[in-house]
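# Understanding the architecture of this molecule
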Amino acid sequence: MMTGVIVSQVITPARSYAEAFPDLSVRIVLLEPARVFFSRRARARLAELRRIWPAGRLGVFPYIGRLGQFAPALSLSVLVRATAGRSKSILFHCRGPSATIQAAHVARHIGGRVVFDARGASDHEAVLRLNAQGRDIDASLLQRAFDYGARMDQLAVNSADAVVAVSEPLARKLQQAMGGEQKLVAVIPCCVERPLFSCSARQGMRRTLGLSDDELLFVHTSTEERWEAFDQVLDFFRAAYLRQRSRMLFLTTLDPSVVTASLSTNDPLLKALIIRKARPDEVSEYLSAADVGLLLRRPHETFRVANPIKFAEFLGAGLALVVSQNIGTTNQIVEAQKLGVIVPEYSNSSAINEAAECLITMMKHDPDALRARAIEVCKELYVWDRYTPVISQLYGLH
């Protein structure tokens with residue numbers, strides 16, 4: 001029996017790991033800052049996690065960041081020891097560098113294997129967070145944020161027994177941070193449990209949205225404004241809309257005014273937009289109803305090592321893809337499998353028009369074959385079961 005203590009903010013990987021290894025008794029420990037722990041949003045998030053995975057053993061514990069890395073680690077040591085019972089093997093699967101460093105402190109006291117699960121590059125993400133504040137930031141402050149993020153990732157990779165990265169570019173970046181030290185570094189992208197497409201869901205949702213058979217439905221999903229390029233999404237949709245009868249569906253938790261900020265109040269394109277706040281269990285129905293998924297981001301170094309979950313979701317729904325340049329390895333997959341078009345990061349109107357023309361031509365040629373290819377790529381590269389052997393290696397179970 002192995003007891004897993006997973007410091008994470010995402011439940012799906014943990015549930016998938018537990019299903020892949022039924023002999024692995026998993027307890028999920030979510031460490032949250034005290035100000036977050038006592039918030040109504042945190043309570044709602046915990047209730048949602050328990051609903052998604054009723055068999056999971058979940059615990060949320062507060063910490064005070066000003067006390068540093070060691071104070072949370074000491075309290076966690078007591079929790080881990082109590083959770084582990086008589087188990088000799090303890091596994092720490094940690095999302096992010098801070099949790100990894102804390103787990104490494106605990107492992108020094110009571111033993112255990114630490115896996116650093118990196119979902120992004122902390123140095124570039126620190127800069128992105130500052131830039132997203134919408135005001136001029138002193139260059140020295142940006143540099144300090146970048147250096148701190150890089151240092152945290154370096155400490156995490158050196159503290160962990162194994163590393164899992166979300167993309168090949170990120171894996172190479174973390175290997176460089178090790179400074180020549182040899183340890184297991186594996187790539188597991190953001191995955192889905194299974195392909196999302198359903199023919200019956202497609203028919204039902206398209207009726208609900210009032211779509212005709214000859215209308216293309218473009219879709220864009222978002223939860224954070226800082227990642228998105230809504231102006232470019234709308235520019236691309238406008239170019240496609242002028243060539244083919246279409247609608248644009250935004251699935252977002254953001255205020256609609258954020259999505260449409262680049263449009264004037266009398267822009268006729270507004271009538272073609274559908275903006276929804278969908279529950280998690282409704283997303284697959286909306287995506288099944290769509291034909292084209294847009295993954296367009298503002299240019300930033302952090303995206304070069306990214307692998308957004310929406311890419312896997314769009315593939316699983318069988319969508320044609322419109323992707324910005326240099327988002328992880330997404331461009332290579334889209335081009336190699338002929339799944340859609342790539343839009344240059346600093347695209348002008350002619351580049352957007354050319355990409356839109358190419359996409360519409362693809363959709364008129366054989367959309368069913370394109371949908372089948374996308375779903376097959378999802379099965380091959382973006383379902384959790386595909387990575388069971390990799391997880392076994394990371395966890396030292398092989």
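Each remark here, short or long, concerns the structure printed above.
Here is what the cut-offs are and how they apply
- Residues numbered from 1 in each chain as written.
- Predicted model: local features only at pLDDT ≥ 70, side-chain atom pairs only at ≥ 80, totals over all residues.
- Heavy atoms only, no water.
- Helix = DSSP H or I, 4+ residues; strand = E, 2+ residues; numbered from the N terminus.
- Contact = heavy atoms within 4.5 Å.
- Buried < 20%, exposed > 50% of the residue type's maximum accessible area, 1.4 Å probe, protein only.
- Pairing = 2+ DSSP bridges.
- Core = buried A, V, L, I, M, F, W, Y, C linked by side-chain atoms within 4.5 Å.
- Axes fitted to C-alpha atoms, helices over the stretch in contact; angles between N-to-C directions.
- Parallel < 35°, antiparallel > 145°, perpendicular 65-115°, else oblique.
- Phe/Tyr/Trp six-rings, centres within 6.5 Å; stacked < 30°, edge-to-face > 60°.
- Lys NZ or Arg CZ within 6 Å of the ring centre and 35° of its normal.
- Arc of directions from axis to C-beta.
- Right-handed = clockwise from strand over helix to strand, strands pointing away.

A few words on the overall build of the protein. On a plain count of helices and strands, the protein comes out with 17 helices and 13 strands. Looking at the protein alone, contacts between residues at least 24 apart form 69% of all its contacts between residues at least 6 apart.

Glancing now at the pairing of strand β9 (residues 246–252). Two faces make up the sheet, and in a regular strand the side chains alternate between them. Burial runs high along β9: 7 of the 7 residues are buried. Where burial is concerned, the two faces of β9 agree: the one with Ser246, Met248, Phe250 and Thr252 and the one with Arg247, Leu249 and Leu251 are both buried. Looking at chain direction, strand β8 (residues 216–222) and β9 are connected through 7 bridges and run parallel. Counted as the bridge partner of Ser222 is Thr252 from β9. Relative to strand β10 (residues 273–276), β9 runs parallel, the two sharing 4 bridges. Looking at the pairing, Met248 lines up with Leu273 of β10.

Counting 36 residues, the largest nonpolar core has Val219, Phe311, Leu315, Leu321 and Leu339 as its most contacted members. For this core, the secondary structure elements donating two or more residues are α9 (199–209), β8, β9, α12 (283–289), α13 (309–316), β12 (320–324), α14 (330–337) and α16 (367–381). If near-sequence neighbours (up to four positions away) are discounted, Leu315 is found in contact with Leu321, Leu339, Ala374, Ile375, Val377, Cys378 and Tyr382. Ranked by size, the runner-up nonpolar core spans 32 residues in total, among them Leu216, Ala239, Ala320 and Ile360.

Interaxial distance between α13 and α16 falls to 7 Å at its minimum, and their mutual angle equals 130°. Relative to α16, α13 is oriented oblique. On α16, the residues that touch Ala312, Leu315 and Gly316 of α13 are Ala374, Ile375, Val377 and Cys378.

Where two aromatic rings form a pair, the distance of their centres and the angle of their planes describe that pair. Counted under the stated rule, the structure contains 4 aromatic pairs. Where Phe237 meets Tyr241, the ring centres are 5.7 Å apart and the plane angle is 40°; that geometry is what we call tilted. With Phe237 and Tyr241 both in helix α10 (residues 230–241), this residue pair falls 4 residues apart, about one helical turn. Take Tyr241: its relative accessible area is 35%, and that puts it in the partly exposed class. Taken together, a centroid distance of 5.6 Å and an interplanar angle of 80° make the contact between Phe311 and Tyr382 edge-to-face. With a gap of 71 residues between them, Phe311 in helix α13 and Tyr382 in the loop between α16 and α17 (388–394) connect regions that are remote in the sequence. Of the two residues, Phe311 and Tyr382, neither departs from the other in class, the shared state being buried. Three or more aromatic residues joined by ring pairs make a cluster, and in this case those are Phe218, Phe237 and Tyr241. Here the basic side chain of Arg386 rests over the ring of Tyr387, its NZ or CZ set 5.0 Å away from the ring centre.

Quick look at the sheet that holds strand β13 (residues 340–343) now. Ordered in space as β10-β9-β8-β11-β12-β13, the 6 strands form an open sheet in which the pairing is parallel. At either margin of the open sheet sits one strand with a lone partner, and together these are β10 and β13. Across the sheet, the axes of successive neighbouring strands diverge by a mean angle of 20°, strand direction being ignored. Bridge count between β12 and β13: 4 bridges; the pairing is parallel. Residue pairing for β13: Ser324 is matched across the bridge by Val343.

It is worth spelling out α14 at this point. Looking only at α14, the buried set comprises Thr330, Asn331, Ile333 and Val334. One side of α14 holds all its buried residues, which, seen down the axis, span an arc of 165°. Exposed residues pointing more than 90 degrees away from the buried face of α14 are listed as Glu335 and Ala336. On its buried side, α14 packs onto α13, β12, β13 and α16. Backbone geometry just downstream of α14 places Lys338 in the positive-phi region, at approximately 55°.

Let's shift gears to the pairing of strand β6 (residues 162–165). Burial along β6 is two-sided: the residues Ala162 and Val164 and Val163 and Ala165 are all buried. Two elements, strand β5 (residues 113–118) and β6, share 4 bridges in a ladder whose sense is parallel. When the sheet's bridge partners are listed, Phe116 is paired in β6 with Val163. As defined by bridge partners, β6 adjoins strand β7 (residues 184–187) across 4 bridges and the pair is classed as parallel. Counted as the bridge partner of Ala162 is Leu184 from β7. For the segment spanning β6, helix α8 (residues 168–177) and β7, crossover handedness is right-handed.

A few words on the side chain of Glu215. Inspection of the secondary structure assignment puts Glu215 in the loop between α9 and β8. A relative accessible area of 8% means that Glu215 is categorised as buried. Residues within four places of Glu215 in sequence aside, it is in contact with Arg206, Gly210, Arg245, Ser246, Arg247 and Asp291.

Moving on to unusual backbone geometry. The general pattern is negative phi for most residues beyond glycine and trans for most peptide bonds. Despite not being glycine, Asn326 has its phi angle at roughly 65°, a positive value. Looking at the element boundaries, Asn326 is found in the loop between β12 and α14. The phi dihedral of Lys338 is positive, around 55°, even though this residue is not glycine.

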